[in-house]
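Per-entry structural report
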Amino acid sequence: MTVPGPIRQERSGGLEPLPPTRKARGEGLKADERMSTAEPGVTAAVADKGTRNASASSVGLVAVIVAATDGEPRALTVQVAGQAPGRGTALPAGPLVPEHATLERGLRAWVEQQTHQRLGYVEQLYTFGDRDREGGQHGVHLLSVAYLALVRELRPAGLAEAAWRNWYRYLPWEDFREGRPPALSEIEPRLMAWVAAASDPKLRRLREDRVGLSFGIGGAWNEERVLERYELLFEAGLIPEAKGQTGAAVPDDLAITGQPMAHDHRRVLATAIGRLRGKIKYRPVVFELMPPAFTLLQLQRTVEALSGTRLHKQNFRRLVAQQGLVEETEALTSGNAGRPARLVRFRREVLLERPAPGVRLTPSRRTV
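None of the values given here were measured: they were computed from a predicted structure. One numbering rule holds for all chains: residues counted from 1, following each sequence as written. The model is predicted, so local features are restricted to residues of pLDDT at least 70 and side-chain atom pairs to those at 80 or more, both for listing and for counting; the totals for chains, interfaces and linings are taken over all residues. Only heavy atoms go into the side-chain values, all of them from the structure, while hydrogens and water stay out.

What follows is about the overall build of the protein chain. Here a helix means four or more residues in a row that DSSP labels H or I, a strand means two or more in a row labelled E, and each is numbered from the N terminus. Helix and strand counts for the protein chain come out as nine helices and ten strands. Within the span of the protein chain, comprising 368 residues, buried residues form 53% of the whole. Throughout, a residue-residue contact means that at least one pair of heavy atoms, one from each residue, lies within 4.5 Å. Look at the contacts in the protein chain between residues 6 or more apart in sequence, and 69% of them connect residues 24 or more apart. Total accessible area on the protein chain is roughly 17200 Å²; 51% of this is exposed by carbon and sulfur atoms. Relative accessibility thresholds used throughout: buried, under 20% of the residue-type maximum; exposed, over 50%; partly exposed, between the two (1.4 Å probe, protein chains only). Only the protein chains shown count as cover for residues, and all accessible areas are computed by the Shrake-Rupley method using a 1.4 Å probe.

This part is about the environment of Thr302. Along the chain, Thr302 turns up in helix H7 (residues 296-307). Note: C-alpha distance between Thr302 and Asp70 (232 residues apart in sequence) is 8.2 Å.

This next bit is on the packing of helix H2 (residues 182-196) against helix H3 (residues 201-215). Working convention: axes come from line fits to C-alpha atoms, limited for helices to the stretch in contact. Angles between N-to-C directions cover 0 to 180 degrees. It is at 8 Å that the axes of H2 and H3 come closest, and there the two elements cross at 160°. Considering the angle they form, H2 stands roughly antiparallel to H3. In the packing of H2 onto H3, the handedness of the crossing is right-handed. Across the interface between the two elements, Leu184, Ile187, Glu188, Leu191, Met192, Trp194, Val195 and Ala196 from H2 touch Arg204, Arg207, Glu208, Arg210, Val211 and Phe215 from H3. Roughly parallel covers angles under 35 degrees, roughly antiparallel covers those over 145, roughly perpendicular covers 65 to 115, and oblique covers all other angles. Crossing handedness: left-handed means the near helix sits turned counterclockwise from the far one by under a right angle, and right-handed means the same turn made clockwise.

Turning to its location among the elements, Arg225 is positioned in the loop between H3 and helix H4 (226-235). Between the C-alpha atom of Arg225 and that of Ser214, which follows or precedes it by eleven residues, the distance is 6.2 Å. Other than its neighbours up to four places away in sequence, Arg225 contacts Leu213 and Ser214.

This brings us to H2. Of all the positions in H2, only Ala183, Leu184, Ile187, Glu188, Leu191, Trp194 and Val195 are classed as buried. Looking down the long axis of H2, one finds its buried residues gathered within 120° of arc, a one-sided arrangement. Facing away from the buried surface of H2 by more than 90 degrees, the exposed residues are Pro182 and Ala196. In this structure, the buried side of H2 is in contact with H3, H4 and helix H5 (254-257). What the arc describes is the spread of directions from the helix axis to the C-beta atoms.

So, on to the packing of H4 against helix H6 (residues 265-279). Here H4 crosses H6 at 155°, and the two axes come no closer than 7 Å. Taken together, the axes of H4 and H6 are roughly antiparallel relative to one another. From H4, Val226, Leu227, Arg229, Tyr230 and Glu231 reach across to H6, where they touch Arg266, Arg267, Ala270, Thr271, Ile273, Gly274 and Arg277. Each residue gets one of three labels, nonpolar for Ala, Val, Leu, Ile, Met, Phe, Trp, Tyr, Cys and Pro, charged for Asp, Glu, Lys and Arg, and polar for the others, Gly among them. Split into classes, the residues belonging to the contact of H4 with H6 amount to five nonpolar, two polar and five charged.

Here we take up the nonpolar core. We call a set of buried Ala, Val, Leu, Ile, Met, Phe, Trp, Tyr and Cys residues a nonpolar core when their side-chain atoms join them within 4.5 Å. Core analysis: the biggest nonpolar cluster contains 66 residues, and Trp173, Leu191, Phe215, Leu276, Phe287 and Leu299 have the highest contact counts within it. Beyond its immediate chain neighbours, meaning those up to four positions away, Leu276 contacts Val66, Leu148, Leu150, Trp167, Val285 and Leu306. Residues Ala63, Leu107, Val122 and Trp164 belong to the second largest nonpolar core, which totals 18 residues.

Attention now moves to unusual backbone geometry. Although it is not a glycine, Asp70 sits at a positive phi angle of roughly 55°. Since its relative accessible area comes to 73%, Asp70 is described here as exposed. Positive phi outside glycine occurs at His116, with the angle close to 65°.

We now examine H7. End to end, H7 covers 16 Å across twelve residues, agreeing with the expected 16 Å (1.5 Å per residue, within 8%). For H7, the complete set of buried residues consists of Leu299, Gln300, Thr302, Val303, Glu304, Ala305, Leu306 and Ser307. Positive backbone phi, approximately 75°, marks Gly308, located one or two places after H7. The span one expects for a helix is its residue count, reduced by one, times 1.5 Å.

Before going further, it helps to examine the pattern of salt bridges. One speaks of a salt bridge when a side-chain nitrogen belonging to Lys or Arg is within 4 Å of a carboxyl oxygen belonging to Asp or Glu. Inspection of the entire model under this criterion finds 21 salt bridges. In this structure, the salt-bridge partner of Glu188 is Arg180, at a minimum N-O distance of 3.2 Å. By relative accessible area, which is 15% here, Glu188 ends up buried. Salt bridges sharing common partners tie together Glu178, Arg301, Glu304 and Arg310.

Scored by pLDDT, the protein chain comes out at a mean of 81, with 75% of its residues at no less than 70. Predicted confidence for residues 1-38 stays below pLDDT 50, and this span has 109 contacts to residues more than four positions away or in other chains. The pLDDT value expresses, per residue, how confident the predictor is, ranging between 0 and 100. Counted against residues more than four places away or in other chains, residues 40-54, with its pLDDT under 50, gives 24 contacts.

On to the pairing of strand E3 (residues 72-79), then. Successive residues of a regular strand alternate their side chains across the two faces of the sheet. Each pair of strands is called paired provided DSSP finds at least two bridges between the two strands. In this structure, E3 lies alongside strand E8 (residues 162-166), joined through five bridges in antiparallel fashion. Residue pairing in the sheet places Leu76 in a bridge with Trp164 of E8. Note that E3 and strand E4 (residues 89-90) share two bridges and pair antiparallel. From the neighbouring strand, Val78 faces E4, where its bridge partner is Ala90.

Turning next to the packing of aromatic side chains. Aromatic contacts are taken between Phe, Tyr and Trp rings whose centres are within 6.5 Å, Trp giving its six-membered ring; a plane angle under 30 degrees counts as stacked, one over 60 as edge-to-face, and the others as tilted. Inspection of every chain in the model, using the stated rule, returns six aromatic pairs. An angle of 55° between the planes, with centres 4.7 Å apart, marks the rings of Phe176 and Trp221 as tilted. With Phe176 in the loop between E8 and H2 and Trp221 in the loop between H3 and H4, the pair connects residues that are 45 residues apart, well separated along the chain. For Trp221, a relative accessible area of 6% puts it in the buried group. Chaining the aromatic ring pairs together yields one cluster made of Phe176, Phe215 and Trp221. By the criterion adopted, a ring carries a charge over it if an Arg CZ or a Lys NZ lies within 6 Å of its centre and within 35 degrees of its normal. A cation over an aromatic ring shows up here: Arg229 above the ring of Trp221, its NZ or CZ 3.8 Å from the ring centre. The positively charged end of Arg275 is found above the aromatic ring belonging to Tyr126, 5.6 Å away from the centroid.

Put into structure tokens, the structure is as follows:
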């Protein structure tokens, strides 16, 4: 299979047409800072016979499948063999093979085979194509096309090797719902030591600016900069993935720098979280995660879980009402845990009424 030119963005079922795929981040890193990782079992593509020193390429497919259950964000993971200790968890992935008519059909086929999950809303996330990513054979350049999928409810994972896991298990510094994450108190001094280790003043200033901007040091925390924060930890050598495929998990560091994953899948997960956090502000994709009828509190808890921040209750409800995002139903909750609450549902007409019907975030007071 010869790798085609620019990969076309596909459309899928869901609330909206998909935006154009953006260029994968990380291609501007130095050679020793890129992640030499790839999905297993990818068939090598045929090299261009017209070039003297052609290198073979192949296409892999990766899925970040997200659900929100009981106010917690979860990603569907699978177990893979042959990884460094503590890095046997991965995202569902597989190669694009001739039997797959399109990239998205290939993705759906691999997900269903590995997890028994049938996907609904799917959008293309990024194409990861760093030059030193190798496929199943030595010298094979791997392009990985990542997708973000949202499921309405958390169903059984299907296989013993598949499991739903809270995504803050992998990125613990991203969760501000209970205040400043304890992990940041350990991470920030390590990053500043990395900044100070730069011998060149210009490089030291550049590192300092990047750390300050990404981690909100001396400024505001931007919840969308998930990938930038992960890449800084990688470049600073503070996570096992910085050592390549042989980098093993450090048990004492799991609560600080998070549980590592196989290949570069934690980078893919960080990319998906940042994309989703930005998208919920201008498109109503959060309703893809909700049941047909839900309470406003359940909706707020879901948005908080995705954004990693606690929202002001009255401001949130006022915003939802002003945007006309939901409408009341005749049903009430049982009231077993308190007063019965009115169930609401998503108003699909809002998609025709305004161009950006998202959920603007109004965080409660937060310090970095």
